[in-house]
Amino acid sequence: MKSNIHCAVSTASTRKIKEPSMNHNSLIPQSICSRIVLLFCSICFFSIANAQQSAVTGDPRGGESKKPKVSADTWKLQAETVATKLGLSKEKSDQLVNVYQASREARKVALKELPKSDDASDDKAEMREEENVKQREQLKAAISTILSSEQIEGAILSLGSFNPRWDRYVSQIEEFQLDDQKKQDALQLTFDYIVDYGKARNAATAEGARFSSVSARTLKSSLDAGLAKLLSEEELTKWDEATAFRAGGTKRSAPGEGKREGKQGGRKNE
């Protein structure tokens, strides 16, 4: 009897001694598993947060989407701004809007149908500019039935520029939801800017020179100074974020802007 009890006690003691060793060995895989689970949860959390931010801003990187959206409403505002500047009647203003929107839609389709090329960006820019010239001539012919010969020049310098900067500027002003008078004044400033921009580029081309980024920045600074009198501090901050020149790299030509203008970051057009 005593022998049996002693044997049972010895067995229990042996189990107690071995148990810590077994638990100690099992701590290693448990620790690794815990870290893996923690890492997985962290990745899921940040992925969900990033997706939610992207849904709000429209930026797949999760950052603030600073580029204003260009649409048919943007083109309508541009044509109406030109009509106001030229003092057109309501009937002629509506006609100009329709002609210009049709021109932009036709150009958009034409650019999509251009041959795909893996060559240097200058080749692509040249094809786009050739299409711009074609679309510009068609637009000029269409508005010649609405405007006088004196009015056509200013209209073509602006509406016929197909300048993506003007698109972005007008779209951004529309997003501010300014009162009617401030909105009209701001849009008139963008019209003056794009006309001066076109004249400066044409003058440089006539002299066989390249339109410099310094000239472009000077014109943009003048526009910014005018808008500073109309916009709030918050609106000015948003304006700067949405329209600032991108630093670094060689600026690629955009439709309506000809070939390279200097060392500025390129932007994809429409």
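Residues numbered from 1 in each chain as written. Predicted model: local features only at pLDDT ≥ 70, side-chain atom pairs only at ≥ 80, totals over all residues. Heavy atoms only, no water.

A. Examining the environment of Glu105 more closely. Its place among the elements puts Glu105 in helix α3 (residues 90–112). Judged by relative accessible area, which is 38%, Glu105 ranks as partly exposed. Each C-alpha atom, one on Glu105 and one on Trp75, is 9.8 Å from the other, the two residues being 30 residues apart in sequence. (Helix = DSSP H or I, 4+ residues; strand = E, 2+ residues; numbered from the N terminus. Buried < 20%, exposed > 50% of the residue type's maximum accessible area, 1.4 Å probe, protein only.)

B. Region of the structure containing the nonpolar core. In this structure, Leu96, Ile143, Leu227 and Trp239 are the most contacted members of the largest nonpolar core, which totals 42 residues. Counting residues per element, this core draws most heavily on helix α7 (residues 180–206), which supplies eight residues. Ignoring anything within four residues of it in the chain, the contact list for Ile143 reads Leu96, Val99, Ile152, Ala155 and Ile156. (Core = buried A, V, L, I, M, F, W, Y, C linked by side-chain atoms within 4.5 Å. Contact = heavy atoms within 4.5 Å.)

C. Structural view of helix α8 (residues 213–227). In this model α8 runs 21 Å from its N-terminal to its C-terminal C-alpha over 15 residues, within 8% of the 21 Å that 1.5 Å per residue would give. Of all the residues in α8, the buried ones are Ser213, Ala216, Lys220, Leu223, Gly226 and Leu227. Looking straight down α8, one finds its buried side chains confined to an arc of 140°; they lie on one side. Looking at α8, the residues exposed on the side facing more than 90 degrees away from the buried face are Val214, Thr218 and Ser222. Against α6 (164–176), α7 and α9 (233–243) lie the buried residues of α8. (Expected span 1.5 Å × (residues − 1). Arc of directions from axis to C-beta.)

D. Structural detail: the side chain of Glu131. Note on placement: Glu131 falls in helix α4 (residues 121–143). An unpaired buried charge is present at Glu131: no salt bridge exists, and Lys134, the closest side chain of opposite charge, is 4.6 Å distant. Apart from residues no more than four positions distant in its own chain, Glu131 is found in contact with Ala110, Leu111 and Leu114. (Lys, Arg positive; Asp, Glu negative; His and termini not counted. Salt bridge = Lys/Arg side-chain N within 4 Å of Asp/Glu carboxyl O.)

E. View of α6. The terminal C-alpha atoms of α6, which comprises 13 residues, lie 19 Å apart, in line with the 18 Å expected from a rise of 1.5 Å per residue. In terms of burial, α6 is largely enclosed, as 11 of its 13 residues are buried. The complete set of buried residues in α6 reads Pro164, Arg165, Trp166, Asp167, Arg168, Tyr169, Val170, Ser171, Gln172, Ile173 and Phe176. Where α6 begins, the side chain of Asn163 points an oxygen toward the backbone nitrogen of Arg165, at a separation of 2.8 Å. (Polar contact = N/O pair within 3.5 Å; in protein donor to acceptor, adjacent residues only side chain to side chain.)

F. A look at the pattern of salt bridges. One pass over the full model with this rule turns up eight salt bridges. Among the salt bridges present, the one from Asp94 reaches Lys90, with a minimum N-O distance of 2.7 Å. One end of the pair, Asp94, and the other, Lys90, are both in helix α3, four residues apart, so they sit about a helical turn from each other. A salt bridge links Glu234 to Lys238, with the nearest nitrogen and oxygen atoms 3.6 Å apart.

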